[in-house]
Amino acid sequence: MLIDTHVHLNADQFADDVDDVIRRAQEAGINKMVVVGFDTKTINLAMELIETYPFLYAAVGWHPVDAVDFDDDKLAWLEELTRHPKVVAVGETGLDYHWDKSPHDVQKEAFRKQIALAKKVKLPLIIHDREAHEDITAILREEEAAEAGGIMHCFQGDEEMAKACLDMNFYISFGGPVTFKNAKLPKEVAKIVPDDRLLIETDAPYLAPHPYRGKRNEPAYVRLVAEQLAELRGITYEELAAQTTKNAETLFRL
Ligand SMILES: [Zn+2]
C-alpha cells in the first residue's frame, strides 16, 4: 500500500486513458493519490476527478511559471475550493527560475499570497522549487510558512536546505530523479530525512523513474521510488511503504 502524494492525472498527457492509468495504479497497490492542480484547467479537472474516485484527493494552487496570470480573483477562487473536504493542500506554488514566462518578482508575490492562504485555511503547502533554492527558503521563513507546513515536492536541494525546511515543519518528498544513476545529491539527502518526514511521489506524467526515464510517468511507478528509498535507507520495502503512507495520511489528514 502506497500513496502518490503528487500526480497530475489532470494533465493533457492522460486525457485519453486516465481511467486505465488509475486502474494500473490501484493494481500496483497505490491506494490513494493527491491530484495537483496548477492553473484553471487542471484545477477544474482535479475537482472533477475527486468527485469521481473516492481514493483521489486534490491540491489547488497556481504554478510559478504562470504567475503572470495570477490575480486576486484567482486567489479568492482557490480559497473557495479549499473548503471542499477532499482538497487537502494549497499548491503547487513556489518559484521556478528555469523558465522566464513570469518575472521573479511576480512569482514571489503569487507565492507569498498562497502561503498566506494556506495559513488562513489551515492546509499544508506543496512547494515547487526549480533553481530557486535560496529565495524559496528565505520566503518560507519571512512568511512564517512553518505555521502551515507542507511538502517540498520532488526535492532537489542539498542537505542544508533540507534541514532548513525540516525546521519549518516541511516534509521532504522524493520522486523519479532519486532513482537516476547520476542523482548523487538526492540520494545523499534521502538518507538523512527523518522517518516521520519522508514522502514519495511521481509528479506523473513528468520525471519518470529509472528505467522509464524520458517516457510518460504514471502513478504505478511510485513503487520504484519507494524501492530506491528503502535501499538507500537500509530498510525493507514494506517498512518504507508503511512509514511514507502513514506520513501522507498524517499530513493530509486522510
Ligand atoms: Zn507537479
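See above for the structure.
Residues numbered from 1 in each chain as written. Predicted model: local features only at pLDDT ≥ 70, side-chain atom pairs only at ≥ 80, totals over all residues. Heavy atoms only, no water.

1. Description of the overall build of the protein
Okay, so step 1: Secondary structure assignment for the protein yields 9 helices and 8 strands.
Okay, so step 2: Expected size for 254 residues packed as a compact globule is a radius of gyration near 18 Å; at 17 Å, the protein falls within 12% of this value.
Okay, so step 3: Counting the 254 residues in the protein, one finds 59% classified as buried.
Okay, so step 4: Of the contacts made within the protein by residues no fewer than 6 positions apart, 72% connect residues no fewer than 24 positions apart.
Okay, so step 5: With an accessible surface of roughly 11000 Å², the protein has 49% of that area assigned to carbon and sulfur atoms.
Okay, so step 6: Taking the 29 positively charged and 45 negatively charged side chains of the protein as two groups, their mean positions are separated by 3 Å. (Helix = DSSP H or I, 4+ residues; strand = E, 2+ residues; numbered from the N terminus. Rg over C-alpha atoms; globule rule 2.2 N^0.38 Å. Buried < 20%, exposed > 50% of the residue type's maximum accessible area, 1.4 Å probe, protein only. Contact = heavy atoms within 4.5 Å. Areas by Shrake-Rupley, 256 points an atom, 1.4 Å probe, with all protein chains shown as cover. Lys, Arg positive; Asp, Glu negative; His and termini not counted. Charge placed at Lys NZ, Arg CZ, Asp CG, Glu CD.)

2. Looking at the packing of helix 2 (residues 40–52) against helix 3 (residues 72–81)
Okay, so step 1: Where helix 2 meets helix 3, the axes come as close as 13 Å, and the angle between the chain directions of the two elements is 10°. The angle between the axes of helix 2 and helix 3 places the two elements in the roughly parallel class. Contacts between helix 2 and helix 3 involve T40, I43, N44 and M47 from the first element and K74, W77, L78 and L81 from the second.
Okay, so step 2: Along the lines of polarity and charge, the residues of the contact of helix 2 with helix 3 split into 5 nonpolar, 2 polar and 1 charged. (Axes fitted to C-alpha atoms, helices over the stretch in contact; angles between N-to-C directions. Parallel < 35°, antiparallel > 145°, perpendicular 65-115°, else oblique. Nonpolar A, V, L, I, M, F, W, Y, C, P; charged D, E, K, R; others polar.)

3. Re the sheet that holds strand 4 (residues 87–96)
Okay, so step 1: Pairing is parallel in the open sheet, where 8 strands are placed in the order 1-2-3-4-5-6-7-8. What marks the edges here is a single partner per strand, and that holds for strand 1 (2–7) and strand 8 (198–200). Going from strand to strand, the sheet's axes swing by 30° on average, the running direction of each strand aside.
Okay, so step 2: Across the sheet, helix 4 (residues 104–121) is in contact with strand 4 and strand 5 (125–130); its angle to strand 4 comes to roughly 160°. (Pairing = 2+ DSSP bridges.)

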